[in-house]
Amino acid sequence: MKKLLLIITCILLVYSFSGCVDKKKDNTPARMENAERTKLSLLFYYEGQERFSLVNNLCNAFNNQQKESEAIPEFVPFEELKKKLLTGMAQGDPPDLVIYDVPDYAYLAERGVLEDITDNIKSWQDFTQFYENSIEACTYKGRIYGMPIGQNCLALFYNKKMLEDKKLSPPRTWSELKTTALKLSNGNVHGMGICAQNSEQGMFQFLPWLYSAGADTSDLQSAGAVKAFTFLAELVDQGAMSKEIINWSQADVMKQFADGKIAMMLNGPWQLSELRIKAPELEYGIVRIPMDKKSVTILGGENISVVKGQNKDKAFEFLKFFCSAENVRTFTKSMAYFPSRKDVPVDEELNRPGVSLFGEEVHKAIPRGPDPNWPEISKIVTGELHEVLTQKKSPEAAAKAAQADMENLVK
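Everything in this summary refers to the structure shown in the same document.

Scoring rules and cut-offs
Residues numbered from 1 in each chain as written. Predicted model: local features only at pLDDT ≥ 70, side-chain atom pairs only at ≥ 80, totals over all residues. Heavy atoms only, no water. Helix = DSSP H or I, 4+ residues; strand = E, 2+ residues; numbered from the N terminus. Buried < 20%, exposed > 50% of the residue type's maximum accessible area, 1.4 Å probe, protein only. Contact = heavy atoms within 4.5 Å. Salt bridge = Lys/Arg side-chain N within 4 Å of Asp/Glu carboxyl O. 1 Å grid on protein atoms, 1.4 Å probe; cavity = no way out; pocket = protein on both sides within 12 Å on 5 of 7 lines; lining within 4 Å. Points joined across faces, edges and corners; volume = space filled by probe spheres on them. Expected span 1.5 Å × (residues − 1). Nonpolar A, V, L, I, M, F, W, Y, C, P; charged D, E, K, R; others polar. Pairing = 2+ DSSP bridges. Core = buried A, V, L, I, M, F, W, Y, C linked by side-chain atoms within 4.5 Å. Phe/Tyr/Trp six-rings, centres within 6.5 Å; stacked < 30°, edge-to-face > 60°.

**Quick notes on the overall build of the protein**
If you tally the helices and strands in the protein, you get 17 helices and 12 strands. Expressed along its principal axes, the backbone C-alpha trace of the protein runs to roughly 100 × 50 × 45 Å. For the protein, the residues scored as buried account for 53% of the 411 residues in total. Restricting to contacts in the protein with at least 6 residues of sequence separation, those with at least 24 account for 75%.

**Focus: the pattern of salt bridges**
A complete count under the given rule lists 24 salt bridges for this structure. Across the pair Glu-74 and Lys-84 runs a salt bridge, and its minimum N-O distance is 3.5 Å. Here Glu-74 is found in strand S2 (residues 69-75), whereas its partner Lys-84 is found in helix H3 (residues 81-90), with 10 residues between them in sequence. The class of Glu-74 is partly exposed, set by a relative accessible area of 32%. The class for Lys-84 is partly exposed, based on a relative accessible area of 36%. With a shortest N-O distance of 2.9 Å, Asp-292 and Lys-227 are connected by a salt bridge. Here Lys-227 lies in helix H10 (residues 223-237) and Asp-292 lies in the loop between strand S10 (284-287) and strand S11 (300-306), a separation of 65 residues in the sequence. For Lys-227, a relative accessible area of 40% corresponds to the partly exposed category. Taken together, the shared-partner salt bridges connect Arg-288, Glu-360, Glu-361 and Lys-364 into one network.

**Focus: empty space enclosed by the protein**
Tallied over the entire structure, the rule returns 1 cavity of 30 Å³ or more. Considering only enclosed or pocket space, the largest cavity measures out at about 290 Å³ in volume. Surrounding the largest cavity, 21 residues form its lining, Tyr-45, Gln-201, Gln-250, Trp-270 and Glu-302 being those nearest its centre. The set of elements that each furnish at least two residues to the lining of the largest cavity consists of helix H9 (200-212), helix H11 (250-258) and S11.

**Remarks on helix H16 (residues 374-389)**
A rise of 1.5 Å per residue sets the reference length of H16, with its 16 residues, at 22 Å; its end C-alpha atoms lie 22 Å apart and thus fit the reference within 8%. Most of H16 sits out of view: 13 of its 16 residues are buried. Looking one or two places after H16, you find Gln-391, whose phi comes out positive at around 60°.

**Focus on the layout of surface pockets**
Within this model, the largest pocket holds a volume of roughly 580 Å³. Surrounding the largest pocket, 31 residues form its lining, Asn-133, Ser-134, Gln-151, Leu-299 and Val-362 being those nearest its centre. Where the lining of the largest pocket is concerned, the elements lending two or more residues are helix H6 (132-136), strand S6 (147-152), S11, strand S12 (338-339) and helix H15 (357-362). Counting residues per element, the lining of the largest pocket draws most heavily on S11, at 4 residues. Considered class by class, the residues forming the lining of the largest pocket number 16 nonpolar, 10 polar and 5 charged. Looking at the second largest pocket, its volume works out to about 310 Å³. Around the second largest pocket, the lining is made up of 16 residues, and of these Ser-41, Gly-88, Asp-93, Pro-94 and Pro-95 lie nearest the centre.

**Side note on the pairing of strand S9 (residues 262-267)**
Here S9 lies mainly inside the structure; 6 of its 6 residues are buried. For strand S7 (residues 155-159) and S9, the ladder comprises 4 bridges, and the chain directions are antiparallel. Opposite Phe-157, over in S9, you have Met-265 as the bridge partner. As judged from the 3 bridges shared by strand S8 (residues 190-193) and S9, these two strands associate in the parallel manner.

**Points about the nonpolar core**
One finds Met-147, Met-192, Trp-209, Leu-232, Ile-304, Phe-318 and Leu-319 to be the most contacted residues of the largest nonpolar core, which totals 130 residues. Broken down by element, the residue count for this core peaks at 9 residues, all from H10. Once you skip the residues sitting within four places of it in the chain, Phe-318 turns out to touch Leu-40, Leu-42, Cys-59, Phe-62, Ala-71, Leu-97 and Ile-304.

**Considering the packing of aromatic side chains**
Applying the stated criterion to the full structure yields 22 aromatic pairs. Centre to centre, the rings of Tyr-46 and Phe-331 are 5.8 Å apart; their planes meet at 55°, and the pair counts as tilted. With Tyr-46 in the loop between strand S1 (38-44) and helix H2 (49-65) and Phe-331 in helix H14 (residues 325-335), this pair connects stretches of sequence that are 285 residues apart. This pair shows no difference in class: Tyr-46 is buried, exactly as Phe-331 is. Where Trp-124 meets Phe-130, the ring centres are 6.1 Å apart and the plane angle is 45°; that geometry is what we call tilted. For Phe-130, a relative accessible area of 3% gives the class buried. By way of ring pairs, the aromatic residues Phe-44, Tyr-45, Tyr-46, Phe-52, Phe-62, Phe-75, Phe-78, Phe-318, Phe-321, Phe-322, Phe-331 and Tyr-337 are connected into one cluster.

What follows is the structure in structure tokens.
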């Protein structure tokens, strides 16, 4: 009996030892493979599940085609992106790549955040396929600090049924916009909606009004600037726009429009896919932004850049992958952007009736900057806009304060 127990014990020990060896043999290569891969963090600010999936899928495609690097996407809210970049640089733990708003490239390059990729990118055979004006939006002091992904602009969306029920036509002027928006406002529904955050999104949506009135950021206490502040304040004061616009992002404005809580909105083509998902039955039209002295829209879009750090060479490989013709086409199709490459056609979605207006507008859209102080300029302007919209200052006082702050910034 003792002999039998001894034999069984020996068998169990051998089996247990063999199992441990096999388990270690199975797991070790996987751990080694993961350890060998360089982690590449990619910051971006696109809101919505569809857009996160788009960036995530492109990262996965890159990860699956090679074994040296692993791109890891990280969402950061729009208004926190620059702060996270600068904090990461200061703490010695920056991300490896970043997708950011076009007007910020001069600001980030001036502060040493972005890697100078001039020599690398000009030797890339695909470089000549990019539009010259798109490359200019990545160039600071003659050096290239990123690559353009796509472009867009703003226009006025309107709910067809709401306007038809009131026998109204889409507005073409500021006067028509105010009249139409007031007639469409009732209870919880407001006639018009914009993003008026104290952020670059808010600046992006304020500039059409500023420029249309004949003003610009160089003279903020001009009659045109006062008129722009006054016009938007009157829309809020008279109930044509919600007081909450100071808190709404552009995505929030789209959600309000999709839910039927606003009849018209200022927004861009990147909202088309999300709008289709959230309100598939909604019938809407798109027209030029109503004008004062002239019709104006603003150029939008993003660049992708390598952040200064130890992984710059591998990060540059991801940048080239992301900016390939195939991936630019995938990206711009999903985002409803206009491609930055000559060999990528405009997606059919942007050529269909009612939407093709964006294609006409994007080529004459006014760019923001370049100015290494652009984020501060945005804060000054949108900060004073908040003061006006919350009735803390008159349009004249806000314009005067904005001009004084701008002059101090220049000094």
